[in-house]
Amino acid sequence: MFPVRRIARALSAVALAAGLGAAAMVPAHAGPGTGRDRDLGTRDRGFQDCPALSELPPGADPARWRCEAMTAVGHLTLGRVDVEVPDGRPLAITFAEGTVDGEFRQVFGAMAAAPLRVRGTPLSITPRYGGYSDFQSNDERRGELDLTFRISGPGVPPGCSIGSGADPVHLVLLETDPPKVVTPDPLVVTFGVADNRFAVPGTSGCGPLGPVLDKALRLPSPAGANGIDLAARVTMRSYGEV
């Protein structure tokens, strides 16, 4: 277990020393992200975050393109952070894929996630899209995804996160459970993925709290000391049906 009172006192002391004041001592609330990054309502997003037809590459035939809406639940370890992604608050990722002139292409749609409480601390982390994804499967991996993790809690400034756009957590997801068709129309598939080989950078954008959080969360954390294990469900829809 974390030394809860020590961490809380350290967070409060640093926040006050930084002149954040009483208003900054309340927990930060998750709100809409910028661009294609969402925070709440992950379970029922469906196809609403699919890239628009106008966002598909020039020359894309809608009949040969589809939108994939994925939700995933499971377990995540980042240094000393150990959290569950529960059924009621799954990660949700939406993207489009298809071919142009015989070449496979993808367009990222959006990622939605809810804050996940870090047990034994006053902190929560929210997974956020880190700017890179590749969901084309091959014999070596199921896909790749960059993430950052926004930190919220007493005295934590906006923009504080584990990793950053310049230094995200890079996942190379391996298949742990082969795809199973749940329904053929609409096509719904389930599968399992995991990665326990990635490294985790330290905090970013946290101001004077950065060293406190890095020490409390044991960051940066080397490859082999972290892990993610997810059960995913994907629903697919052709753009020709829109």
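The rules behind these values
Residues numbered from 1 in each chain as written. Predicted model: local features only at pLDDT ≥ 70, side-chain atom pairs only at ≥ 80, totals over all residues. Heavy atoms only, no water. Phe/Tyr/Trp six-rings, centres within 6.5 Å; stacked < 30°, edge-to-face > 60°. Helix = DSSP H or I, 4+ residues; strand = E, 2+ residues; numbered from the N terminus. Buried < 20%, exposed > 50% of the residue type's maximum accessible area, 1.4 Å probe, protein only. Disulfide = S-S within 2.5 Å. pLDDT = per-residue confidence, 0-100. Contact = heavy atoms within 4.5 Å. Salt bridge = Lys/Arg side-chain N within 4 Å of Asp/Glu carboxyl O. Arc of directions from axis to C-beta.

Novice: Any chance you could explain the packing of aromatic side chains here in plain terms?
Specialist: With the rule as written, the count across this model stands at 2 aromatic pairs. Aromatic side chains Phe 95 and Phe 135 sit 4.4 Å apart centroid to centroid with 25° between the ring planes, which places their arrangement in the stacked category. Note that Phe 95 is positioned in strand β4 (residues 91–100) and Phe 135 in the loop between β7 (124–134) and β8 (143–152), a separation of 40 residues in sequence. Summarising the burial analysis for this pair, Phe 95 and Phe 135 share the class buried.

Novice: For this particular structure, what's the right way to read the state of the cysteines?
Specialist: Here a disulfide denotes one covalent bond, and it connects the sulfur atoms of two cysteines. In total, this model carries 2 disulfides according to the counting rule given. Here Cys 50 connects covalently by a disulfide to Cys 67, the sulfurs 2.1 Å from one another. Taking the torsion about the sulfur-sulfur bond, which here is approximately -95°, the covalent link between Cys 50 and Cys 67 counts as left-handed. With Cys 50 in the loop between β1 (37–38) and β2 (66–78) and Cys 67 in strand β2, the pair connects residues that are 17 residues apart, well separated along the chain.

Novice: Is there a simple way to think about the confidence of the model for the protein in this case?
Specialist: Detailed reading of predicted coordinates is not advised where the pLDDT is low. Across the protein, the average pLDDT comes to 85, with 81% of residues at or above 70. Counting interchain partners and residues more than four positions distant, the pLDDT-below-50 stretch residues 13–35 has 33 contacts.

Novice: I would appreciate a short explanation of the pattern of salt bridges in the present structure.
Specialist: Note that side chains of opposite charge can pair when their charged atoms are close. Applying the stated criterion across every chain yields a total of 9 salt bridges. Asp 82 is the partner of Arg 119 in a salt bridge, and the nearest nitrogen-oxygen pair spans 2.6 Å. Highlighted residues: Arg 119 in the loop between β6 (116–117) and β7 and Asp 82 in strand β3 (residues 81–85), separated in sequence by 37 residues. Using a relative accessible area of 45% as the deciding quantity, one classes Arg 119 as partly exposed. Take Asp 82: its relative accessible area is 26%, and that puts it in the partly exposed class. In this structure, Asp 195 and Arg 197 form a salt bridge, with 3.8 Å as the shortest nitrogen-oxygen distance. Relative accessible area serves as the criterion here: at 5%, Asp 195 is assigned to the buried category. Connected via shared salt-bridge partners are Arg 66, Glu 68 and Glu 97.

Novice: Hey, could you run me through unusual backbone geometry in this one?
Specialist: What you tend to see is this: most non-glycine residues have negative phi, and most peptide bonds are trans. Pro 186 follows Asp 185 through a cis peptide bond whose omega is 0°. Omega for the peptide link from Leu 219 to Pro 220 comes to -5°, which places this bond in the cis form. As for its position among the elements, Pro 220 is in the loop between α2 (209–217) and β13 (227–238). Even without a glycine there, the phi angle at Arg 218 is positive, about 55°. Looking at the secondary structure, you find Arg 218 in the loop between α2 and β13. Owing to a relative accessible area of 53%, Arg 218 belongs among the exposed residues under this scheme.

Novice: Mind showing me how you'd approach α2 here?
Specialist: Spacing of three or four residues puts side chains on the same side of an α-helix, whose turn is 3.6 residues. Those residues of α2 not exposed but buried are Leu 209, Gly 210, Leu 213, Asp 214, Ala 216 and Leu 217. Projection of α2 onto a plane perpendicular to its axis shows the buried side chains occupying an angular sector of 170°, all on one side. Facing away from the buried surface of α2 by more than 90 degrees, the exposed residues are Pro 211 and Lys 215. Residue Arg 218 follows α2 closely and has a positive phi angle near 55°.

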